[in-house]
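# Observations on the model geometry
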Amino acid sequence: MTFNSLTFIAFFAIVALLHRLPFSWHTKKVNLLVASYVFYAAWNPPFILLLWASTFIDWKVAHWIDRTEDQARRKLVMLLSLVFNLGMLGYFKYGGFLLESFQALAATFGIDYTPPAWNIVLPIGISFYTFVTMSYTLDVYLRRARPGKSFLDFALFVTYFPHLVAGPILRPTDLLPQFERESRPTRQQLRWGLMLMTLGLFNKIVIADGLLAPVVDKVYGAKDALPMLDAWLGTLAFSGQIFCDFAGYTTTAIGASLVLGISLIDNFRYPYASIGFSDFWRRWHISLSTWLRDYLYVPLGGNRKGPGRTYVNLLLTMLLGGLWHGAAWTYVVWGGLHGLFLVSERLMKQAWGEFALWKSWPGRLMLGVLTYALVNITWVFFRAHDFPNAWRVLGAMLGLGEDGKPVLTTWLIVSAVVPLTAMLAIHAYMRERDLHVEVARQPVALVGFVLGAMLFLIAATQGGSSAFIYFQF
Amino acid sequence: MRIEPGQLGAQPYVRPLPDMRAGTAVVIGLVVFVLALGSWEFYWRSWGSEPAIRNSPGLWAMQRRRIDNGEGHKTVIVGSSRMLFNVQLPVWEQVGGERPIQLAIEGTSPLPVMEQLADDADFTGRLVVGVAPDIFFTGFTYLSDKYELYPKETPSERVAQWLSMTLLEPWLAYYDEDFALTKVLKRQPWPARKGVPDFLDVRKLSVSDADRNTYMWSKVENDAEYAALCQRIWAQDFGEVPFGSNEVLQKKISGEIDRAVKVVERLRARGVSLVFVRAPSNSDYLAFEYRWFPRATTWDVLLEKTGVPGIHFDDYPEMQGLRLPEWSHLAAADASRYTAALQPLVEKAFAAQRKGD
């Protein structure tokens, strides 16, 4: 079920109520586990079997790895776990993509190969929970932690509904210690959690779906050449849409979990105020970027094997990060561009060092604007449904080709510009600040009024339970 | 995970909280929310809206599932908004003894729904197919999300539909797609942008019951200004040849008729009887239809190629003189009169087919 649905409101009210009743901590955890399975099954019940399989196998594998000191055996068992997890991901997510790519490759050699139809439904959130269970096994293999004693805690760590289908991608250390000892949600946690849920749903329903999505759909759905203004507005609107959609999800998840007394880590830190791409990846989808760093980039050698190898590792990590998002070459290009920008940033820092200009506010502003503009170039490949679509929009943004026919009405321009201006101003202001601190600094009446206004706008926009963009990943 | 001293994350993460009177803020927030939403609700009620069931994809899926749940032998109505607004299920039931399943979708060709039914072995009943020329013969699908939801509707979506129908729709007048805030903002008189056609969206025209029995909204009938607005919205399409050229249009018409022939063959092979219905339209709308979709090259060809009987409003005196406030749909009272006239004709057409068999 999605957070922006009536079903979730009813579901969450029941779960939160049960969690506040005077049951034992063990019973409360069982309640949360059952609720999490209900949450997942409400989308497609049979796929819960995959979740069970993933949970059970990684639980067992981690214990096997922990019990043996034989390095070869440890490695073999770890690899078996990886084969299972990545095999499951590959079959459901990348099977069709691999077949299509093979067909295209064969065609370039003049071989007419028609693969069988691949009508496999992608289990929702599979990329997220696969990474969660893999991190557990890998942490044990890398001796960063030891397996736990409680299967209930582990199953709840994997399945805990706030993070299950779209993250944050948690590590065992983020959550398991919280399940080990009883925590009663405080009133302040309950209130702040509800405020965060409101903020998250406002981002999703009002900004992402209500105001920005129609602009993006209009521009990326255009069949003819576009003028530069429309192409840029469509892409800028997408930058806002995907942020408000994904950060909206995460904020709702963090808030929902806080109502239950469980703290989830941050996944975003005002990414459009980033200065450079290294900074961007410390602020955008933090749980994925740190996962990729710890379980891919570092094992590949990271920056320990010389500059050349560092660049290769960076590129490879970002290419695979792109592919993680979706089974299409456009995502690979998106990841590749981010890899190239990261490598370029390193090269420039090495070549030119730190200029005083870059530390002054005009210099930082310039770099921030440049970063945001380049991030938007990458978003074109993320949003476009194929390469011709991407080239059409990108060509218009760069002023290449004929001047096209405008598609955005005055209203659509307004509905893009107003929230984007507000979003960028907030990101710039909040760059070095924390939300809870800034909110506490405001008059209580103002906070209450903003909260009420957001609730009203959510209700008045109505929404339509549209899925969050990252569910498809 | 048993964390050992010195290992990563030995201390559980605790989210920092704002140091403020959050309870007061929540209370103020709730008061502001209730006041604002109350005002919003009052505004729409005073504008003429009343709480009603939303004609949503979930509601369509509920009716569609009736075919899977033992009602597949019944009469099913497909088509676009004219069949939806004009056929009154209580009147049909009163005249014919059976309440049909209403699956017509506004602004949407019935062919995708017929194709879905042709694939469904549970459907063995009778099909009344509405033919609105500019939709049927162009394959236009304004609301494909309705028939697309049914095969993939999740348990969560079903529960949400039930909750919405139980807790919100019967009580809130503002809770209507046409009054969604972004739609309201979109239709404000923004300055036109050169080179961008700024089409007015179709406005709220009808009110539905839980079984999708649908009739014209009283505001369309009683508010001349609103009816004129609805007419202007239809008239946006009347100026030019559909699809930009007559050649493309003719190809499209021919393609859709061929598509209809195929699906009719499949349905008939399974013993399903069909009848086509051309509901009334008038004034500028009728002129537009007769200009680009003349009966001789569309309706007559459809009947001839499919061999399905048809009921065209032009052929029946009892279907004349009906009131169509916005040229395309019947006023509620006239819809009842039309249904009472249509039902026996449909029965007669089905009976003739049975004899033919």
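Basis of the calculations
- Residues numbered from 1 in each chain as written.
- Chains lettered and ligands numbered in written order.
- Predicted model: local features only at pLDDT ≥ 70, side-chain atom pairs only at ≥ 80, totals over all residues.
- Helix = DSSP H or I, 4+ residues; strand = E, 2+ residues; numbered from the N terminus.
- Rg over C-alpha atoms; globule rule 2.2 N^0.38 Å.
- Buried ≥ 20, exposed ≤ 12 C-beta atoms within 10 Å, placed from the backbone.
- Contact = placed C-beta atoms within 7 Å.
- Pairing = 2+ DSSP bridges.
- Domains from an automatic or database assignment.
- Nonpolar A, V, L, I, M, F, W, Y, C, P; charged D, E, K, R; others polar.

## Quick notes on the overall build of chain A
A tally of regular secondary structure across chain A gives 19 helices and zero strands. Computed over the C-alpha atoms, the radius of gyration of chain A is 23 Å, within 12% of the 23 Å expected from 2.2 N^0.38 for a compact globule of 473 residues. Buried residues in chain A amount to 48% of all 473 residues. Of the contacts formed within chain A by residues at least 6 apart in sequence, a portion of 76% connects residues at least 24 apart.

## Notes on the sheet that holds strand S1 (residues 75-78) of chain B
The strand order across the open sheet formed by five strands is S2-S1-S3-S6-S7 (chain B), and the pairing between neighbours is parallel. Two strands close off the open sheet at either side, each with one partner strand: strand S2 (101-102) and strand S7 (310-312) of chain B.

## A short note on the domain arrangement of chain A
Residues and elements named next belong to chain A. What the domain assignment reports for chain A is domain 1 (6-182) and domain 2 (189-472). Each of domain 1 and domain 2 has a C-alpha centre, and the two are 25 Å apart. With 23 residues of domain 1 at the contact, the number on the domain 2 side is 22 residues. Listing elements by their share of the side of domain 1 that touches domain 2, those giving two or more residues are helix H1 (6-20), helix H4 (71-108), helix H5 (126-141), helix H7 (161-164) and helix H8 (172-180). Class assignment for the residues of the side of domain 1 that touches domain 2 results in 13 nonpolar, eight polar and two charged.

## Looking at unusual backbone geometry
The phi dihedral of Tyr-270 of chain A is positive, around 50°, even though this residue is not glycine. Note that Tyr-270 of chain A resides in the loop between helix H10 (228-259) and helix H11 (277-281). If you check the backbone angles, Trp-327 of chain B has positive phi at about 80° while not being a glycine. Structurally, the position occupied by Trp-327 of chain B is in the loop between S7 and helix H15 (332-356).

## Concerning the pairing of strand S3 (residues 126-130) of chain B
All names here are of chain B. Of all five residues in S3, five are buried, a share of seventy percent or more. Side-chain alternation along S3 places Arg-126, Val-128 and Gly-130 on one buried face and Leu-127 and Val-129 on a second face that is also buried. Relative to S3, S1 runs parallel, the two being bridged by four bridges. Pairing of Val-78 across the sheet is with Val-129, part of S3. The pairing of S3 with strand S6 (residues 273-278) spans five bridges and is parallel. Across the sheet, Gly-130 pairs through a bridge with Val-277, a residue of S6.

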